[in-house]
Amino acid sequence: ILHGDAGDLGKSKEMLRRALAGEPGGYWGAVGHYTLLQLFYKEGNYQDIGRQFGNIEIEQLPDNLRPKLLITVGNSQRKQQQYTDAIGTYGSIEQYYLQSEQAVEAGYLKLICFYKIQDGDLPQFVSNYVLNMTKLNKRAFVDRALLLEAEHYFRTGEYEAAGTSYASIDPNNIPEQ
């Protein structure tokens, strides 16, 4: 694990694989598998994340790592364009870990997936997200969600609705990337 933190991912993966070959259970086994999954993500090895996820006893992980695990799995699914799987994973974070910081991000990332699959209900999903985040006073992704809504309307030729959505966005809250 220390090698992974120091940037030597190869050595860290090798040591973790050897340690996990003995099939440790419980807390240490779950944390070891979690760490290996995070190393796969760091190197962009998204295919192995799904296989590694199946080895993790999620109930053995500390509560604070569970939503982090799921956001990593959802992100790898999204990066592989497995949008419906990612929607389900992000939904699990919102359902089971609503108070976590990952739940706010997961809701937004779920909207990106709906946008990618061109779901016609995206504007309603955005409205619900914006309303919920405003009530919770967690607006970090609200303007980005509104941008997805505006882009959806523009893509479908609903230019008046797109204009209204674009006008509601604070451009200072949209990253340049």
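Because the structure is predicted, anything quoted here is derived from the model rather than measured.

A. Geometry of the overall build of the protein chain. On a plain count of helices and strands, the protein chain comes out with ten helices and zero strands. For the protein chain, the N- to C-terminal ordering of α and β elements is α-α-α-α-α-α-α-α-α-α. Structurally, the protein chain occupies a C-alpha span of about 60 × 30 × 30 Å along its principal axes. The contacts of the protein chain with a sequence gap of at least 6 include a subset with a gap of at least 24, amounting to 48%. Carbon together with sulfur atoms contributes 48% to the accessible area of the protein chain, which is approximately 10000 Å² in total. Between the averaged position of the 17 positive side-chain charges in the protein chain and that of its 22 negative side-chain charges there is a distance of 5 Å.

B. Examining helix H4 (residues 46-53) more closely. Looking only at H4, the buried set comprises Tyr46, Asp48, Ile49 and Gln52. Taken down its axis, H4 places every buried residue within 145 degrees of arc, on the same side. Its buried side turned inward, H4 meets helix H2 (9-21), helix H3 (26-42) and helix H5 (66-79).

C. Here's a closer look at the nonpolar core. Counting 30 residues, the largest nonpolar core has Tyr90, Ile93, Tyr108, Leu111, Val126 and Tyr129 as its most contacted members. The residues contacting Tyr129, other than those within four sequence positions of it, are Val104, Gly107, Tyr108, Leu111, Phe141, Val142 and Ala145.

D. Geometry of unusual backbone geometry. One non-glycine residue with positive phi stands out, namely Gln81, at about 60 degrees. Tracing the backbone through its elements, the reader meets Gln81 in the loop between H5 and helix H6 (83-96). Given the relative accessible area of 59%, Gln81 is considered exposed.

E. Region of interest: the packing of aromatic side chains. By the definition in use, this model includes five aromatic pairs. Both rings, one in Tyr27 and one in Trp28, keep their centres 4.9 Å apart while their planes meet at 80 degrees; by these two values the pair is edge-to-face. Their ring planes at 15 degrees and their centres at 5.2 Å tell us that Tyr108 and Phe141 sit as a pair that is stacked. Within this pair, whereas Tyr108 is found in helix H7 (residues 101-116), its partner Phe141 is found in the loop between helix H8 (122-136) and helix H9 (142-155), the two being separated by 33 residues in sequence.

F. The packing of H5 against H6, seen in detail. It is the contact of H5 with H6, at a shortest axis distance of 8 Å, that shows an interaxial angle of 165 degrees. Put simply, H5 runs roughly antiparallel to H6. For the crossing formed where H5 meets H6, the hand is left-handed. Two secondary-structure elements touch here, H5 through Pro67, Leu70, Ile71, Val73, Gly74, Asn75, Gln77 and Arg78 and H6 through Tyr83, Asp85, Ala86, Thr89, Tyr90, Ser92 and Ile93. A per-class count over the contact of H5 with H6 returns eight nonpolar, five polar and two charged.

G. A look at the layout of surface pockets. Considering only enclosed or pocket space, the largest pocket measures out at about 200 Å³ in volume. What lines the largest pocket is a set of 14 residues, among which Glu94, Lys110, Asn128, Tyr129 and Asn132 lie closest to the centre. Those elements giving two or more residues to the lining of the largest pocket turn out to be H7 and H8. A class-by-class count of the residues in the lining of the largest pocket yields nine nonpolar, three polar and two charged. If you add up the space inside the second largest pocket, you get close to 170 Å³. Lining the second largest pocket are Tyr108, Arg144, Leu147, Leu148, Ile174, Pro175 and Gln177. At three residues, the largest contribution of residues to the lining of the second largest pocket is made by H9. Residues that form the lining of the second largest pocket fall into these classes: five nonpolar, one polar and one charged.

Scoring rules and cut-offs
- Residues numbered from 1 in each chain as written.
- Predicted model: local features only at pLDDT ≥ 70, side-chain atom pairs only at ≥ 80, totals over all residues.
- Heavy atoms only, no water.
- Helix = DSSP H or I, 4+ residues; strand = E, 2+ residues; numbered from the N terminus.
- Contact = heavy atoms within 4.5 Å.
- Areas by Shrake-Rupley, 256 points an atom, 1.4 Å probe, with all protein chains shown as cover.
- Lys, Arg positive; Asp, Glu negative; His and termini not counted.
- Charge placed at Lys NZ, Arg CZ, Asp CG, Glu CD.
- Buried < 20%, exposed > 50% of the residue type's maximum accessible area, 1.4 Å probe, protein only.
- Arc of directions from axis to C-beta.
- Core = buried A, V, L, I, M, F, W, Y, C linked by side-chain atoms within 4.5 Å.
- Phe/Tyr/Trp six-rings, centres within 6.5 Å; stacked < 30°, edge-to-face > 60°.
- Axes fitted to C-alpha atoms, helices over the stretch in contact; angles between N-to-C directions.
- Parallel < 35°, antiparallel > 145°, perpendicular 65-115°, else oblique.
- Left-handed = near helix turned anticlockwise from the far one by under 90°.
- Nonpolar A, V, L, I, M, F, W, Y, C, P; charged D, E, K, R; others polar.
- 1 Å grid on protein atoms, 1.4 Å probe; cavity = no way out; pocket = protein on both sides within 12 Å on 5 of 7 lines; lining within 4 Å.
- Points joined across faces, edges and corners; volume = space filled by probe spheres on them.

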